[in-house]
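A structural walkthrough
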Amino acid sequence: MERKQSFSRRFFLKTTSFAGALALIPPKAKALYTELKQRLIPTKEIMPLTVTINKKAYEVKADSRTTLLDLLRENLHLTGTKKGCDHGQCGACTVHIDGQRVLSCLTLAVMTTGKNVTTIEGLADGDKLHPMQQAFIECDGFQCGYCTPGQIMSAVACVNEGHTRSVAEIKEFMSGNLCRCGAYNGIVESIQKVAI
Amino acid sequence: MKNIDSYTHTRGESIYLDDVPLTQGTLFGAIFGSPAAHGKIKKLDLSAAMASEGVVRIFTWKDIPGVNQIGGIVPDEPLFAEDIVDFNGMPVAFVVATSVEHAQAAIKKIIIEIDPLTVVTDPRVARQNNSLIVPPRTFRLGDSDAAFKDCVHVVEGIAETNGQEHLYIETQGAYALPQEHGAIKVISSTQGPTAVQRHMAKVLGVPMHQLEIDVTRLGGGFGGKEDQATSWAIFCALAAYHLKKPVKYSLHRMEDMRMTGKRNPYSSDFRIGLDAELNILAYEATFHQNAGAAADLSPAVLERTLFHCTNSYFIPNVTATAYSCRTNLPPNTAFRGFGGPQGMFVIEAAIAKAAEKIGVSAFEIQQKNLIKSGDEFPYGQLAVSEALPCWNRSLSLFDHAKKKKEIEKFNAENILYKKGMSMMPICFGISFTKILMNQARALVHVYMDGSVNVSTGAVEMGQGVNTKMLQVASTIFSIDPAKVKMNSTSTFRVANTSPSAASATADLNGKAVQIACNNILDRMKTVAADILKCSATEVSIKNEIVHVNDAATEISWDFLVLESYLRRISLSESGHYATPDIHFDASKEKGHPFAYHVYGTAITEVTVDCLRGTYKIDAVNVVHDFGTTMNALIDRGQIEGGIVQGIGWMTMEEIVYDEAGRLRSNTLSTYKVPDIYSVPQMLEIDFLETKNDNLAIFRSKAVGEPPLMYGIGTFFALRNAVKAFNPKSSIGFSAPMTPEKVLMGLYDK
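It should be emphasised that the depicted structure is a prediction, and the values quoted were computed from it without experimental measurement. (Residues numbered from 1 in each chain as written. Chains lettered and ligands numbered in written order. Predicted model: local features only at pLDDT ≥ 70, side-chain atom pairs only at ≥ 80, totals over all residues. Heavy atoms only, no water.)

**Focus: the overall build of chain B**
Across its full length, chain B holds 19 helices and 30 strands. For chain B, the C-alpha radius of gyration of 27 Å lies close to 27 Å, the compact-globule estimate for 749 residues. When burial is assessed residue by residue, chain B has 66% of its 749 residues classed as buried. Taking contacts inside chain B between residues at least 6 apart in sequence as the whole, the part at least 24 apart equals 79%. As presented, chain B carries roughly 25500 Å² of accessible surface, and 53% of it is formed by carbon and sulfur atoms. (Helix = DSSP H or I, 4+ residues; strand = E, 2+ residues; numbered from the N terminus. Rg over C-alpha atoms; globule rule 2.2 N^0.38 Å. Buried < 20%, exposed > 50% of the residue type's maximum accessible area, 1.4 Å probe, protein only. Contact = heavy atoms within 4.5 Å. Areas by Shrake-Rupley, 256 points an atom, 1.4 Å probe, with all protein chains shown as cover.)

Now the structure itself:
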């Protein structure tokens, strides 16, 4: 029986990786690249940092290379913000800086000097849940809960930005947050509920 | 009832492994994985890494006090590579340092030289080399050889399914904390705490009673943490054992993707024979399972493929053979459906191909051959079937005939867009196919103030099992759910647990909770009978009030609990449940392995953009056999999520290994999982509530895995749309159906 070789992403990746392995990079260029990389990588530098997180002022010292995500989780023990991929592809670490949503894993902590950071822990008013938190419960917008803090922070921003005029628009502006359990319908419903 | 973790989930207060506050002196580990997929280790130089800043110690196989072996079904998987590496990413050394950064930096300084050996990634090549994990297995019903001679139509072909990355958003990890007297407590992100404990005991050479494995919850598992969570926990425990310090390792996403196994890819041959009336008389299938470098759970996955090789159909003559093929990929493992989906894809492909050859629609063949009650599965069990009720209800409820006409009209009027539709009936057996695993225990304490604490062997990973367990306790006692607290899953509270898998967790553990609660309740009723001067059989509790012959008394739950305590009556109980009436004889490959089957039918509609090859999923409409659901909200979530995951497997999730056995789709930018756009535009789920008695908890049928297989319908709907554009297209049966494949299919000559 014949097995057809079809052109696919697999084929593309295989081919390019093969080409990559074969590419004859001159040793001199390699050495130059290595040296350049060494110079580009910043050395460890501890910097003072004044930042307001969830309406509380913090004065901390942080390595200039530390991400906001690690500052929150490791230094300040605010573990509500989750690490899913640590390179900006899943959205689990979404927080707000001065009301704008950002991926805290792609944000250096020192960049937040003088700014207001809001994390999932800062969303509720004491025992009173933020309407988006309430909507996620009512619309069953989660299963395992791991992506949920990022989803909610993104959802709050999505509403504040006014990107809720249609389901298509909500999807477009929530497409950076992955939920492997597949609770997407509940997430869209939650946002619609709050947006009205 | 809402998920009991709703409040903490939405506030970011739920604790996962990586959120556990660190104990003073905690060290951090990182694994150095083999850079080659197969070879002999010529040299391993750890000196530069050892001298690296912050490094405390580097562990290899030489540091193992017990045995260097973590194979569960077959002892073929060393924890650390010794002389030979079998897959790219195979653990070689475990660096422990004062920070994650130091551990990661040190890994880059490890020098390894490997003499390469031949790398095999194709299961068919492995079979030719006779490189099998276990001997092949064959399920037989009737005589397919003889039956093919009576067939008017005989069609054969190949069907292939790729693997699937679990991509739980919480990566693998563990945190080991040394305790007094040589004991170790390990917080592990695992679906199988006992599996972790058992293998850890062997590796460390200590009794299991020294090792507490504790799991609060997982940020997703999907099978990926059933067996594959074990090694990380043992690395941490091994380091904690030697260093007497807490050791934590939470994998980076790229480490996780590179080093862990995935859903087993399959390459299969099929041959199907039908008579003139479209009855399937004979079916033969040969499955080549890509097991990867070690057995892991592959032999059990293989078995479930055979159990589900005829899906929801009755075929009187079947010969199905399965080979578990050893390759140089990370050991592949459980993934929602556990081999069932791989088997069901092949029979659906066979039916689709037969339909094309005969010149009818697959619909007709599917409908004609649905399994009925009393029909025999190839493994000997007789069906108690809901296949036809689901199928028929889906046709009427979602007006299949009208949809079909609309699609035909659309396709006649449009050139650049074509629609396709498919039917996907499912039939999934519930129980672990290894009979002994169908047991569970639960520990229930009623405290003297009337509050209740429940521990089970079930691991909460988003499937809502703890909510269901809490419902069982509060229903049996007839008390406010707020009075019941679910505990984390600990091997010190509940021993010898089966993993949370096989969709059976709520059934097994729920029944154990039910038994424990009933036993406590029986003792309390005796106390009530004594107080009320009546017979215990006349006593019941309703909404926290003691009733005699259904008449309320003045005695409350709280009073009766305290009174029972004062009278020195035990308010604690360990319930034990073992599924009755199941058996299987592997020497004959016959028996009654499943407590019951779950049925359902999905109608899938898609639209393909015939210029670009892109597509959207217009609708997935499902009638699903729930039995009598005990939590419609949670069950609906499971169905929706299962469908989305199944669609991902069938359409966009494409795992790519190069010929050197290196994972190229090793991050979320090169491996695409369903995002918010991937959900069908319309997703309707109808609850087929059946009153038939079954062995499910409160007759609420298992719901974890079955819905994933509705996703298979998307593949065939897409294929039908491609065929509508280009009837001559020879587009095959190779999943996932990526837009690239669709495009090639559209313009195939």
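**Quick look at the overall build of chain A**
Looking only at helices and strands, one finds seven helices and five strands in chain A. For chain A, the N- to C-terminal ordering of α and β elements is α-α-β-β-α-β-β-β-α-α-α-α. A separation of at least 24 residues holds for 52% of the contacts in chain A among residues at least 6 apart in sequence. Accessible surface, chain A: about 10200 Å² in total, of which carbon and sulfur atoms supply 57%.

**Topic: the pattern of salt bridges**
Opposite charge on two side chains lets them pair, provided their charged atoms get close. For the coordinates displayed, the defined rule picks out 47 salt bridges over all chains. In this structure, arginine 180 of chain A engages glutamate 653 of chain B in a salt bridge whose closest nitrogen and oxygen atoms are separated by 2.7 Å. Residue arginine 180 of chain A is found in the loop between helix H6 (167-174) and helix H7 (184-195), and its partner glutamate 653 of chain B is found in the loop between helix H17 (632-651) and strand E29 (682-689); the two belong to separate chains. Comparing arginine 180 of chain A with glutamate 653 of chain B shows no difference in burial state: the two are buried. Across the pair aspartate 76 of chain B and arginine 326 of chain B runs a salt bridge whose closest N-O atoms are separated by 3.0 Å. Of this pair, aspartate 76 of chain B sits in the loop between strand E3 (55-59) and strand E4 (84-85) while arginine 326 of chain B is found in strand E15 (residues 317-326), placing the two residues 250 residues apart along the sequence. A network of salt bridges, in which partner residues are shared, links Arg73 and Lys82 of chain A together with Asp18, Asp19 and Lys248 of chain B. (Salt bridge = Lys/Arg side-chain N within 4 Å of Asp/Glu carboxyl O.)

**Quick word on empty space enclosed by the protein**
Scanning the model with the defined rule gives five cavities of 30 Å³ or more in all. Here the largest cavity is characterised by a volume of approximately 250 Å³. If you go around the largest cavity, you meet 24 residues; those closest to its centre are Ile70, Glu77, Phe87, Ser231 and Pro331 of chain B. Among the elements that line the lining of the largest cavity, the one with the most residues is helix H7 (residues 230-243) of chain B, at four residues. Looking at the lining of the largest cavity residue by residue, the classes come out as 12 nonpolar, seven polar and five charged. Taken together, domain 1 (6-117 + 166-259) and domain 2 (266-433 + 587-746) of chain B each give at least three residues to the lining of the largest cavity, which thus spans both. Size it by volume and the second largest cavity reaches roughly 70 Å³. In terms of lining, the second largest cavity is formed by Asp140, Phe142 and Gln143 of chain A together with Asn3, Gly462, Gln463, Leu633, Ile634, Gly637 and Gln638 of chain B. Class assignment of the residues belonging to the lining of the second largest cavity gives a composition of three nonpolar, six polar and one charged. (1 Å grid on protein atoms, 1.4 Å probe; cavity = no way out; pocket = protein on both sides within 12 Å on 5 of 7 lines; lining within 4 Å. Points joined across faces, edges and corners; volume = space filled by probe spheres on them. Nonpolar A, V, L, I, M, F, W, Y, C, P; charged D, E, K, R; others polar. Domains from an automatic or database assignment.)

**Side note on the environment of glycine 150 of chain A**
Residue and element names in this part refer to chain A. Examined against the element boundaries, glycine 150 turns out to sit in helix H5 (residues 148-160). The buried category is assigned to glycine 150, whose relative accessible area is 0%. Residues glycine 150 and alanine 92, spaced 58 residues apart in sequence, show a C-alpha to C-alpha distance of 4.3 Å. Ignoring any residue separated from it by four or fewer positions in sequence, one finds glycine 150 in contact with Gly91, Ala92, Thr94 and Asn177.

**A few points about helix H18 (residues 712-725) of chain B**
All names here are of chain B. A rise of 1.5 Å per residue sets the reference length of H18, with its 14 residues, at 20 Å; its end C-alpha atoms lie 21 Å apart and thus fit the reference within 8%. Within H18, 11 of the 14 residues are buried, leaving the element largely enclosed by the surrounding structure. Among the residues making up H18, those that are buried are Ile712, Gly713, Thr714, Phe715, Phe716, Ala717, Leu718, Arg719, Ala721, Val722 and Lys723. (Expected span 1.5 Å × (residues − 1).)

**Observations concerning the side chain of threonine 94 of chain A**
Residue and element names in this part refer to chain A. With respect to the secondary-structure elements, threonine 94 resides in strand E3 (residues 94-97). Taking relative accessible area as the criterion, threonine 94 reaches 4% and is therefore assigned buried. Side-chain polar atoms of threonine 94 contact the backbone oxygen of glycine 91, separated by 2.6 Å. (Polar contact = N/O pair within 3.5 Å; in protein donor to acceptor, adjacent residues only side chain to side chain.)

**A few points about the nonpolar core**
Residue and element names in this part refer to chain B. Of all hydrophobic cores here, the largest spans 144 residues; its most connected members are Ile272, Tyr283, Phe287, Phe345 and Ile712. Among the elements that take part in this core, helix H10 (residues 340-358) stands out by supplying 10 residues, more than any other. Setting aside residues up to four positions removed in sequence, isoleucine 712 forms contacts with Pro341, Met344, Phe345, Met424, Trp649 and Met650. By size, the runner-up hydrophobic cluster in this structure holds 56 residues, among which are Ile70, Val96, Ala176 and Phe235. (Core = buried A, V, L, I, M, F, W, Y, C linked by side-chain atoms within 4.5 Å.)

**Quick notes on the interface of chain B and chain A**
Accessible area lost upon the coming together of the parts serves often as the stated size of an interface. With 68 residues of chain B in contact, the opposing surface of chain A contributes 55 residues. Carbon and sulfur atoms make up 55% of the surface buried where chain B meets chain A, a total of about 5400 Å² over both sides. Contact with chain A buries surface across chain B, with Thr10, Ile169 and Ile676 of chain B losing the most and accounting together for 15% of the total. Inspection of the chain B/chain A interface yields four salt bridges. The salt bridge partner of lysine 82 of chain A is aspartate 19 of chain B, with a shortest N-O separation of 2.5 Å. Counting every contact that joins chain B to chain A gives 26 residue pairs in polar contact (both at pLDDT 80 or more). It is H17 of chain B that provides the largest number of residues to the side of chain B that touches chain A, a total of seven residues. Looking at the side of chain B that touches chain A residue by residue, the class counts come to 24 nonpolar, 24 polar and 20 charged. (Buried area = accessible area lost by both parts, 1.4 Å probe.)

**Side note on unusual backbone geometry**
All names here are of chain B. At the junction of alanine 735 and proline 736, the peptide bond is cis and its omega measures out at 5 degrees in the coordinates. Even without being a glycine, asparagine 311 presents a positive backbone phi close to 45 degrees. With respect to the helices, strands and loops of the structure, asparagine 311 is situated in the loop between helix H9 (298-307) and E15. One non-glycine residue with positive phi stands out, namely serine 478, at about 55 degrees.

**Considering a nonpolar patch on the surface**
All names here are of chain B. A contiguous nonpolar surface patch, about 530 Å² in accessible area, is contributed by Ile415, Leu416, Tyr417, Leu611 and Tyr747. You can see leucine 611 is positioned in the loop between strand E27 (596-609) and strand E28 (615-627). For leucine 611, a relative accessible area of 52% corresponds to the exposed category. (Patch = residues over 30% accessible without salt bridge, like charges linked within 9 Å, V, L, I, M, F, W, Y side chains within 5 Å.)

**Details of the sheet that holds strand E10 (residues 184-188) of chain B**
Residues and elements named next belong to chain B. The eight strands lie next to each other as E3-E5-E1-E12-E9-E10-E11-E20, forming an open sheet whose pairing is mixed. Because the sheet does not close on itself, it has two edges, and the strands there are E3 and strand E20 (489-490). Here four bridges tie E10 to strand E11 (residues 211-215), and the two strands are oriented parallel to one another. Opposite valine 186, over in E11, you have isoleucine 213 as the bridge partner. Here helix H6 (residues 193-204) sits on the sheet in contact with E10, E11 and E20, set at roughly 150 degrees to E11. (Pairing = 2+ DSSP bridges. Axes fitted to C-alpha atoms, helices over the stretch in contact; angles between N-to-C directions.)

**Examining the domain arrangement of chain A**
Residue and element names in this part refer to chain A. Per the domain assignment, the segments of chain A are domain 1 (46-122) and domain 2 (131-195). Relative placement of domain 1 and domain 2: their C-alpha centres are 21 Å apart. Summed over both partners, the interface of domain 1 with domain 2 buries about 1200 Å², with 55% contributed by carbon and sulfur atoms. Considering only the surface of domain 1 that becomes buried against domain 2, His96, Arg101 and Ile120 emerge as the three largest contributors, covering 47% of it. On inspection of domain 1 and its partner domain 2, the count reaches one salt bridge. For the salt bridge of glutamate 161 with arginine 101, the shortest nitrogen-to-oxygen distance reads 2.9 Å. If you look at where domain 1 meets domain 2, you find seven residue pairs in polar contact (both at pLDDT 80 or more). Ranked by residue count, the leading element in the side of domain 1 that touches domain 2 is E3, at three residues. Split into classes, the residues belonging to the side of domain 1 that touches domain 2 amount to four nonpolar, seven polar and three charged.

**A look at the domain arrangement of chain B**
Residues and elements named next belong to chain B. Under the domain assignment used here, chain B contains domain 1 (6-117 + 166-259), domain 2 (266-433 + 587-746) and domain 3 (439-578). Summarising the inter-unit geometry, the C-alpha centres of domain 1 and domain 3 are found 37 Å apart. With both chains or domains summed, domain 1 and domain 3 bury close to 1300 Å², and 53% of this area falls on carbon and sulfur atoms. Considering only the surface of domain 1 that becomes buried against domain 3, Gln191, Thr194 and Glu212 emerge as the three largest contributors, covering 34% of it. Put simply, domain 1 and domain 3 have one salt bridge between them. Close ionic contact of arginine 493 with aspartate 214 constitutes a salt bridge, the shortest N to O distance being 3.7 Å. Contributing elements (two or more residues each) for the side of domain 1 that touches domain 3: H6 and E11. Sorting elements by how many residues they give to the side of domain 1 that touches domain 3 places E11 first, with five residues. Of the residues in the side of domain 1 that touches domain 3, the class split is five nonpolar, 10 polar and four charged.

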